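Chain by chain, the residues:
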Protein chains: 4
Amino acid sequence: MQLEKHLIDEHNHQLFKKHSRNFEHIAADIDGIDSLLNKLKAFNVAIPSWALGTGGTRFGRFSGGGEPRSLEEKLEDVGLIHALNKSSNSISLHIPWDIPDNAAAIKALAAQLGLHFDAVNSNTFQDQSAQQHSYKFGSLHHVDKAVRQQAVEHNLQVVKYGVELGSKALSVWLSDGSNFPGQLNFRGAFQNTLESLQQIYAGLPDDWKVWVEYKPYEPNFYSTTIGDWGQSYLLASKLGPKASTLVDLGHHLQGTNIEQIVSILLMEGKLAGFHFNDSKYGDDDLTVGSINPYQLFLIFNELVEGLDARGMNHATGIGWMIDASHNVKDPIEDLLQSVQAIKIAYAQALLVDKVALQAAQQSNDVALAQEVLQAAYRTDVRPLIAEASLANGGSLDPLATFRKLKVREQLIAQRGLKTVATGL
Amino acid sequence: MQLEKHLIDEHNHQLFKKHSRNFEHIAADIDGIDSLLNKLKAFNVAIPSWALGTGGTRFGRFSGGGEPRSLEEKLEDVGLIHALNKSSNSISLHIPWDIPDNAAAIKALAAQLGLHFDAVNSNTFQDQSAQQHSYKFGSLHHVDKAVRQQAVEHNLQVVKYGVELGSKALSVWLSDGSNFPGQLNFRGAFQNTLESLQQIYAGLPDDWKVWVEYKPYEPNFYSTTIGDWGQSYLLASKLGPKASTLVDLGHHLQGTNIEQIVSILLMEGKLAGFHFNDSKYGDDDLTVGSINPYQLFLIFNELVEGLDARGMNHATGIGWMIDASHNVKDPIEDLLQSVQAIKIAYAQALLVDKVALQAAQQSNDVALAQEVLQAAYRTDVRPLIAEASLANGGSLDPLATFRKLKVREQLIAQRGLKTVATGL
Amino acid sequence: MQLEKHLIDEHNHQLFKKHSRNFEHIAADIDGIDSLLNKLKAFNVAIPSWALGTGGTRFGRFSGGGEPRSLEEKLEDVGLIHALNKSSNSISLHIPWDIPDNAAAIKALAAQLGLHFDAVNSNTFQDQSAQQHSYKFGSLHHVDKAVRQQAVEHNLQVVKYGVELGSKALSVWLSDGSNFPGQLNFRGAFQNTLESLQQIYAGLPDDWKVWVEYKPYEPNFYSTTIGDWGQSYLLASKLGPKASTLVDLGHHLQGTNIEQIVSILLMEGKLAGFHFNDSKYGDDDLTVGSINPYQLFLIFNELVEGLDARGMNHATGIGWMIDASHNVKDPIEDLLQSVQAIKIAYAQALLVDKVALQAAQQSNDVALAQEVLQAAYRTDVRPLIAEASLANGGSLDPLATFRKLKVREQLIAQRGLKTVATGL
Amino acid sequence: MQLEKHLIDEHNHQLFKKHSRNFEHIAADIDGIDSLLNKLKAFNVAIPSWALGTGGTRFGRFSGGGEPRSLEEKLEDVGLIHALNKSSNSISLHIPWDIPDNAAAIKALAAQLGLHFDAVNSNTFQDQSAQQHSYKFGSLHHVDKAVRQQAVEHNLQVVKYGVELGSKALSVWLSDGSNFPGQLNFRGAFQNTLESLQQIYAGLPDDWKVWVEYKPYEPNFYSTTIGDWGQSYLLASKLGPKASTLVDLGHHLQGTNIEQIVSILLMEGKLAGFHFNDSKYGDDDLTVGSINPYQLFLIFNELVEGLDARGMNHATGIGWMIDASHNVKDPIEDLLQSVQAIKIAYAQALLVDKVALQAAQQSNDVALAQEVLQAAYRTDVRPLIAEASLANGGSLDPLATFRKLKVREQLIAQRGLKTVATGL
């Protein structure tokens, strides 16, 4: 299904008076409101194909209804999200879950929905039925060259699919690691990984990038071979200019200062982009901004500052993507909340008085620096997000419109109550 | 299959000379060696039925071969473990994974293998196909009384199965919790849980106990309704003398001093028992003693001290059980390693010079207290474990014997390479 | 020094037009704005005497200028804070740092500044020069009864000072614990602590309370004898109705769900009150709301809900106090920021649509429950805080007024640049 | 004071019979016992000058008696330690705490005690009375070039002192960081640090190294400018071949896999060396091996493997040093326990059957790999340590001899009960 624009407009109409009052109130306080709105209008966050179904844990999964049963239906769902928020104009595919039978048709469908294809993701953390070698003990880091080779070829195959769809980046997340002391020779595992990545790197088209993700633990519980930003950076440096480091917010030990890592990677020209989610304990993959929205703001504050310092375009300078699991919420609603939270953090970061902040920093006026940051953070920027969405043809309140238009009910009617989308 | 004792004896024979030299060396240094060996001989750790198959994570599962396909085969596996180590004389069942069709026959089979039935475990963290209400949003804490009632009845049904098999305790682990702020009213959730547990408590036979487990997170990632020992203790206190707190080593935030909790629960008469495993990050469910064996020793040091202080029997005073997941090891081998590690920690704790330790404590001689503890910990107690096993008719080196006798190969021959045991 | 009200009024006058526009904008959206403002106007947070000087770490302390050199000057500083924000009408003293030579004169000075005396705090974590026994190995938990007795008497002495000043509660924080395994018998330490607290409890005046604080680690790095809320609760239960549990936000392991603990303690009638601060790693004692303001809001959401459920007065039902360390900010500025952050969180919690939240919870509408909470949190409530302060005779922007009126410069002129207040 | 060798010999004589029995028992099982003993005999761990006095926390310090009052007495204490364990033949000085008035005399005293000078440590985390600029807001990363310059010059001055004493390395630990979001521009702080370090690097003598330490938090509680190994590695890489990364065991977030970091730094030729201690929570600075001795063993396992792989000498290939705080133990006793624990872990690592381990790794035999590691770890290697000490002329049981000879009592008699050594 697709949302007819006039239905969104009708709902906007009901919300408009209240919005207008709020927007005018805040707009009067902002210098350069048009420039700020233009940035918000240009900003998009990719939706991962695997996030459109209900997620689960090792203890179980409680599926919802109307989940997409095919790649086409996944595109349809992203199309719905984008129609509502006008900030989700791409999808990130996962191979082998999303192998397109007919790339041209898929590409045409995407174009019709106003979508394009973000980074493609390989999967060497699970075994597929037809697969010769098992990844039980890893893939690109495996002690057996035959296994590594199989994993390298899979990645190159993923690139091939990506090329057909117009993607420009390969995103590599490896679960390779160990559960017990002694299981791995760390040095050997690292060198094998490097050698495998070098083969993949050699097979990248000229205009492609490879994004190397890191994660400290899970599904391995003693070591992960690309376990932190330093290890990813080391690999990316050895690989070359097309390689950089992908930051997933949930892939850090408790207490990690993620915003500092972001700043340093940007400084070194090695920040590939983001996988957004939120967490309280580990890689909890919760709705973005649901647990610690101030941290999200602080990260965006570094991003805006760092991208500006290098003269990079906010919207396209790095990759923006959500990577969350929706265990107890409707996946589309969860994604709408996540994109909204990201845009709020971005708008707040844009509102930071950089001149005042820099002056406070230069004079070590710590209390004032905090005042400057929190003045932006405490501002209610929701009217700005709404205005940008409205100007782009989206909804003033995407989640409310989604419910008002009974989208999920229609999807269930079309697809059935007992559907399980591929993914985690 | 069952292991013929003469095969174990033959392997022991090969190992005996080396063992004998080592045992004599250490035995000469120990006062009361017989008493110590008797304690080791009497010590048993229950095996959970769900730990006999390969475990997995939300990212995938890589099954091994020859896994048990039925409750009978699970008993068979525990029988093999017990034949080898003579320290695993009971099994803990999980309902509905292990519903016995014919309780009398199962009981007879167990008796034949020298086994009995430890605590039975209920499952309200997954939905079963025939189930009326879903546990997606919890069970005993659910806002809907009908769901709570269904979960209460399931627990009472589990008790009924347990009675038929001769169990004496119901172990309750609830995944009930929330993924997001606002999802739950904490007070309401706690009160609902208490009320549900009171109904279950009322249905316990006179000679039964209920063990209330706690866990801070996973599968819920914002709150868990029985989230720490304090909350479990509060419930157990309100329930009455048959209720107490079960400690799973992996169910703590990083840095928790578990041994102190153990000491306090023992002091209050509210320590039900243990679920053993090891972990580096969260509830990693790794082989016992594989990550932090000193912590395991410190816990046993408190257990021995606390049980002695209350005049409780080491072997039967509280419940001893393994609860681990075997993602990359043969489950039986993993369990053999776990039981071995537990017995080592127990033997080391028995070796602690309590008089010297108490004297050091009374004079705040911190360096000496550490020396006393570490003198026991640094002792190589493997010959003591081996001697106790030998005396009980088991193997001097259970894991080596398991491999020598090609047990897994035989199980695969009987059961096939592609088997997946029920469990996580 | 004292601030003349007309100076504050003059600054308010300059800020008034902007404030008025903002306040009118938000007030129009709030049902029951008067009731809400009344709650904000009645709300006060106590200032600890030791927070008025620059704090430090074991690595050093970098003092600022104009710090209070006496109890009188500490009162003066709290008077300044209260004059600016009208929300800090009490001071919490620490004995022996703040022993009043002339209680009557001190009480009169406080009254003149509009202040009274909150809970008094004992100190058995440091040795004083004249002291007979050392607290190196603890105080109320000590193996030596003479040391325990000395610590008990110190606490009773603190109560005596408190009675003279009109305090109504004794706040007990013990650093008692151990640095190494084996150092303590946990059970003995707990029993000694209980026995000591019972003696103190017996000496409390009829209308007094004793607040038992907990903390997992620091300054002891293996165990702390009152290490978590469960242990504090256990002690408070055994002591009786005058004893309850004090929650310091920084005294938790990473990941602890503090708001859930708050809810449960309130439910059990055992929540004494709060020590506010913020932290990223351990007991960092940073400005309230500077690291995770959403968590602060969630805690206040539980407080408002729980106090209302028991019909308790928000302002006086439990104790509210700041306990932070000001290592790199002007202490008064830091305290002004902290009180402001607390009032913001409180106002946001008051704005939560309880009916909508409860309805969402009852129907397990998790996405909506989050929307309801975040609608309140994302509201810019600063105009409400400002209006309440103005109505009470305080400043619309206390920190800005503090700077505008050059208060610190005047304090330095009076007290000197090289002053070091007592405290940590 | 110095220990007369015959007194140590006499105590050894009393212990010899028991030792001999134990040593012979284990020696018979070890291939290449002489080679192993030679490695143990060659192994030394430096003692930091600041660890010879009682440490403390921000909450207080409880000094012991007989602490060294001068650099000469610090050398004396290290001489005592070395006489007892024959494994502590160097001291690491800290400037300005240990500025030698007469370098030649100090060097001669050291030589007489069999000691030399390990890395020298600079201090820019505290202000000294005569200092022009304050380090309140950092040193090498400071926004003000004048402050940076002062800190650079201090470091170069430290090198000068080191040259006079025969040191060959400068150890730089910076507390530079921030307590609050907004306080720092991370990029600017990093670049300033790099520029400052480059100046120091330029001033290093040809045969010197600079060791760059990292730490995630404390004394700053929001960010630290050299916060993790990746940031230190990045700086060391940009500086050049004389720069490398120093690992302090306590300077990691909870859960960090330190042994993996060690392996990677060794692989990259960038591991400077170690600061040993142990911890349960943060930078607790407890006795080495007192909390998690298995982790210490796993680190040594990587060190032995990695040093061998690069053909580096175990004893001299990298720097070995203790860096702990002794809050409740006699500092000398604590250091003796720490060195003992390090040697035990080293001996266990030497005992690992590398061929068997590699074979298990190559076949992904995870259970066997664990067996191989734990076979070494569970071995009681204390007789090997004792034998190596004896052969070097040291004590069979250094701590016991220290007590037997009443060394502390003599130091108190000489130096007094109320002494406070410089340091933390």
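Preceding block: the structure.
Residues numbered from 1 in each chain as written. Chains lettered and ligands numbered in written order. Predicted model: local features only at pLDDT ≥ 70, side-chain atom pairs only at ≥ 80, totals over all residues. Heavy atoms only, no water.

### Comments concerning the overall build of chain A
Piece 1. Looking only at helices and strands, chain A features 15 helices and 13 strands.
Piece 2. Relative to the globule expectation of 22 Å for 424 residues, the C-alpha radius of gyration of chain A, 22 Å, shows essentially globular dimensions.
Piece 3. Counting only C-alpha atoms, chain A reaches 65 × 60 × 40 Å along its principal axes.
Piece 4. When the 424 residues of chain A are sorted by exposure, 70% land in the buried category. (Helix = DSSP H or I, 4+ residues; strand = E, 2+ residues; numbered from the N terminus. Rg over C-alpha atoms; globule rule 2.2 N^0.38 Å. Buried < 20%, exposed > 50% of the residue type's maximum accessible area, 1.4 Å probe, protein only.)

### Focus on the packing of aromatic side chains
Piece 1. Counted by the stated rule, this structure contains 78 aromatic pairs over all chains.
Piece 2. Ring plane angle 35 degrees and centroid distance 6.2 Å describe the contact between Phe-186 of chain B and Tyr-222 of chain B, whose orientation is recorded as tilted. One end of the pair, Phe-186 of chain B, is in helix 6 (residues 186-202); the other, Tyr-222 of chain B, is in the loop between strand 9 (209-213) and strand 10 (223-224), and 36 residues separate them in sequence.
Piece 3. Judged by relative accessible area, Phe-186 of chain B falls into the buried class, the value being 4%.
Piece 4. Residues Phe-300 of chain B and Trp-320 of chain B carry aromatic rings whose centres are separated by 5.5 Å and whose planes lie at 10 degrees to one another, so their mutual orientation is stacked. Taken together, the positions of Phe-300 of chain B in helix 9 (residues 293-309) and Trp-320 of chain B in strand 13 (residues 319-322) put the pair 20 residues apart, joining distant regions of the chain.
Piece 5. Overall, the relative accessible area of 5% leaves Trp-320 of chain B in the buried class.
Piece 6. Clustering of aromatic rings is evident, with ring pairs tying together Phe-43, Phe-274, Phe-276, Phe-300, Trp-320 and Tyr-346 of chain A.
Piece 7. Against the face of Tyr-161 of chain B rests Lys-160 of chain B, its NZ or CZ located 5.1 Å from the ring centre. (Phe/Tyr/Trp six-rings, centres within 6.5 Å; stacked < 30°, edge-to-face > 60°. Lys NZ or Arg CZ within 6 Å of the ring centre and 35° of its normal.)

### Examining the nonpolar core
Piece 1. Within the largest apolar cluster, 307 residues are counted, with the highest numbers of intra-cluster contacts made by Phe-274 and Phe-300 of chain B together with Phe-274 and Phe-300 of chain C.
Piece 2. Once residues within four sequence positions are removed from consideration, Phe-300 of chain C is found in contact with Phe-43, Phe-276, Trp-320, Ile-342, Ala-345, Tyr-346 and Ala-349 of chain C. (Core = buried A, V, L, I, M, F, W, Y, C linked by side-chain atoms within 4.5 Å. Contact = heavy atoms within 4.5 Å.)

### Considering the pairing of strand 9 (residues 209-213) of chain A
Residues and elements named next belong to chain A.
Piece 1. Among the five residues that make up strand 9, four are buried, leaving the element largely enclosed by the rest of the structure.
Piece 2. As defined by bridge partners, strand 7 (residues 169-172) adjoins strand 9 across four bridges and the pair is classed as parallel. Within strand 9, the residue paired with Leu-170 across the bridge is Val-210. (Pairing = 2+ DSSP bridges.)

### Examining the interface of chain C and chain D
Piece 1. Counting from both sides, the interface comprises 43 residues of chain C and, opposite them, 43 residues of chain D.
Piece 2. Across the chain C to chain D interface the summed buried area is about 3900 Å²; carbon plus sulfur atoms make up 66%.
Piece 3. If you look at where chain C meets chain D, you find six salt bridges.
Piece 4. A salt bridge links Arg-58 of chain C to Asp-285 of chain D; the nearest nitrogen and oxygen atoms lie 2.9 Å apart.
Piece 5. There are 12 residue pairs in polar contact (both at pLDDT 80 or more) connecting chain C and chain D.
Piece 6. Counted by class, the side of chain C that touches chain D contains 19 nonpolar, 13 polar and 11 charged residues. (Buried area = accessible area lost by both parts, 1.4 Å probe. Salt bridge = Lys/Arg side-chain N within 4 Å of Asp/Glu carboxyl O. Polar contact = N/O pair within 3.5 Å; in protein donor to acceptor, adjacent residues only side chain to side chain. Nonpolar A, V, L, I, M, F, W, Y, C, P; charged D, E, K, R; others polar.)

### Looking at the interface of chain D and chain A
Piece 1. Listed per partner, the contact involves 49 residues of chain D and 49 residues of chain A.
Piece 2. The junction of chain D with chain A conceals about 4400 Å² of combined surface from both sides, 59% of it contributed by carbon and sulfur atoms.
Piece 3. The interface formed by chain D and chain A contains four salt bridges.
Piece 4. We note a salt bridge from Glu-305 of chain A to Arg-187 of chain D, for which the minimum N-O separation is 2.6 Å.
Piece 5. Put simply, chain D and chain A have 20 residue pairs in polar contact (both at pLDDT 80 or more) between them.
Piece 6. Of all the elements in the fold, those that place two or more residues in the side of chain D that touches chain A are helix 6 (186-202), strand 10 (223-224), helix 7 (229-239), helix 8 (258-267), helix 9 (293-309), helix 11 (354-362) and helix 12 (366-377) of chain D.

### Topic: the environment of Trp-173 of chain A
Piece 1. Examined against the element boundaries, Trp-173 of chain A turns out to sit in the loop between strand 7 and strand 8 (177-178).
Piece 2. Separated by 39 residues in sequence, Trp-173 of chain A and Val-212 of chain A have C-alpha atoms that sit 6.6 Å apart.
Piece 3. Ignoring sequence-local partners within four residues, the contact set of Trp-173 of chain A consists of Phe-125, Glu-213, Lys-215, Glu-218, Pro-219 and His-251 of chain A together with Phe-59 of chain B.

### Here we look at the relation of the copies chain D and chain A
Piece 1. Each copy of the sequence occupies a distinct position, and chain D is placed on chain A by a rotation of 180 degrees and an axial shift of 0.0 Å, giving an RMSD of 0.0 Å. Given the turn and translation reported, the copies of this chain are related as if by a two-fold rotation axis. Nearest to the rotation axis, the C-alpha of Gly-230 of chain D is located 2.2 Å from it, this being the minimum over chain D.
Piece 2. Of the interface residues in chain D, 100% have counterparts in chain A that sit at the interface too, so the contact is made through matching surfaces. (Least-squares fit on C-alpha atoms with pLDDT ≥ 70 in both.)

These values are about where atoms sit, not about what they do.
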